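If you want the building blocks of each chain, they are given just below.
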Amino acid sequence: MKWSIGAFSMTWAGVLFAQNKNDAYSELALKSFKLNPEGVELDLPSLVETGNSIPFRFAIKAPSRQKIQRVDMVAPENPNPLLMRLKMPSQTEHFRFATRIRLATSQDVWVIATLDNGQKIGKSIPAVITLSACFDAS
Amino acid sequence: MATINPFPIRIGIIGESAPGKEVEVRILIGHPMETGFRIGINGTDKIPKNIIEKMVVKINQDILFMADVGTGIAANPLLQFFVTIPATGGVISVEWFDDQGVSRKAEKELISLRS
């Protein structure tokens, strides 16, 4: 009995800890999710001159009989890790999207899609930045 | 006298605009997207934050997606995505809201009568 209570409280501590804005999208937390990369395609230049404007493109195809509900674009080393969150009330099976992002440092950029059954799929892609977007005085 | 619109929105539709066809939509929003991290010309004061917080893209009153935007999106945000044109045609519209209370809206016919 004691064991189960201990395990229970520890899990909840982990959940609460992960709810913290900065920890939920830290590199470590993202890797601990062990996301299934199947059906996710990302495209980002591997070497970027300036972090201020980087073309970023992704395509997501949900597993059969499931639909995409939400897509998070995350750069864990940015001051605000969540780049953009797309919420789709009209749930789609496949979604292609492109935008231009800012990156503070060289890092892995993640795309995490939440499906309608609560499952998450996602993948990361590395990018090397020569000039930072956020921390310079320009 | 010509007035200058500080927040222009441009919507482009690429592909064959016919019912049932999939077309590419590009939305370009004019906005400075100041992060609040940059330092001004005098070298001490920070440039105040001015960020788009929310965008809503609709086709004929049906929400296609709602975007929560942060400081990680570049100035003059570009959204590029694909939509299937409904059988009855219609309009695609985009509306954004920033943290200083400014909002703008633009819309465009999916099937152009001119072409």
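Preceding block: the structure.
Residues numbered from 1 in each chain as written. Chains lettered and ligands numbered in written order. Predicted model: local features only at pLDDT ≥ 70, side-chain atom pairs only at ≥ 80, totals over all residues. Heavy atoms only, no water.

Asks: Please explain the packing of aromatic side chains as it appears in this structure.
Replies: How two aromatic rings sit relative to each other is given by the distance of their centres and the angle of their planes. Evaluation of the coordinates by the stated rule reveals nine aromatic pairs over all chains. Arranged with centres 6.1 Å apart and planes meeting at 50°, the rings of A:Phe56 and A:Phe58 form a pair that is tilted. Here A:Phe56 matches A:Phe58 in class, with each residue buried. Relative to B:Phe65, the ring of A:Phe95 lies with its centre 6.1 Å away and its plane at 80°, an arrangement referred to as edge-to-face. (Phe/Tyr/Trp six-rings, centres within 6.5 Å; stacked < 30°, edge-to-face > 60°. Buried < 20%, exposed > 50% of the residue type's maximum accessible area, 1.4 Å probe, protein only.)

Asks: In this structure, what is going on with the interface of chain B and chain A? I would like to understand it.
Replies: Accessible area lost upon the coming together of the parts serves often as the stated size of an interface. With 28 residues of chain B at the interface, the matching set in chain A holds 27 residues. Together chain B and chain A conceal approximately 2400 Å² of surface at their shared face, both sides included; 52% is due to carbon and sulfur atoms. For the interface between chain B and chain A, the tally reads two salt bridges. Across the salt bridge formed by B:Glu22 and A:Arg96, the nearest N and O atoms sit 3.0 Å from each other. The tally of links from chain B across to chain A stands at 15 residue pairs in polar contact (both at pLDDT 80 or more). Looking at the side of chain B that touches chain A, the elements with two or more residues in it are strand E2 (22-29), strand E4 (62-69) and strand E5 (78-84) of chain B. Ranked by residue count, the leading element in the side of chain B that touches chain A is E4(B), at seven residues. Looking at the side of chain B that touches chain A residue by residue, the class counts come to 18 nonpolar, six polar and four charged. Bridging between strand E6 (residues 94-101) of chain A and E5(B) involves two bridges; their strand directions are antiparallel. (Contact = heavy atoms within 4.5 Å. Buried area = accessible area lost by both parts, 1.4 Å probe. Salt bridge = Lys/Arg side-chain N within 4 Å of Asp/Glu carboxyl O. Polar contact = N/O pair within 3.5 Å; in protein donor to acceptor, adjacent residues only side chain to side chain. Helix = DSSP H or I, 4+ residues; strand = E, 2+ residues; numbered from the N terminus. Nonpolar A, V, L, I, M, F, W, Y, C, P; charged D, E, K, R; others polar. Pairing = 2+ DSSP bridges.)

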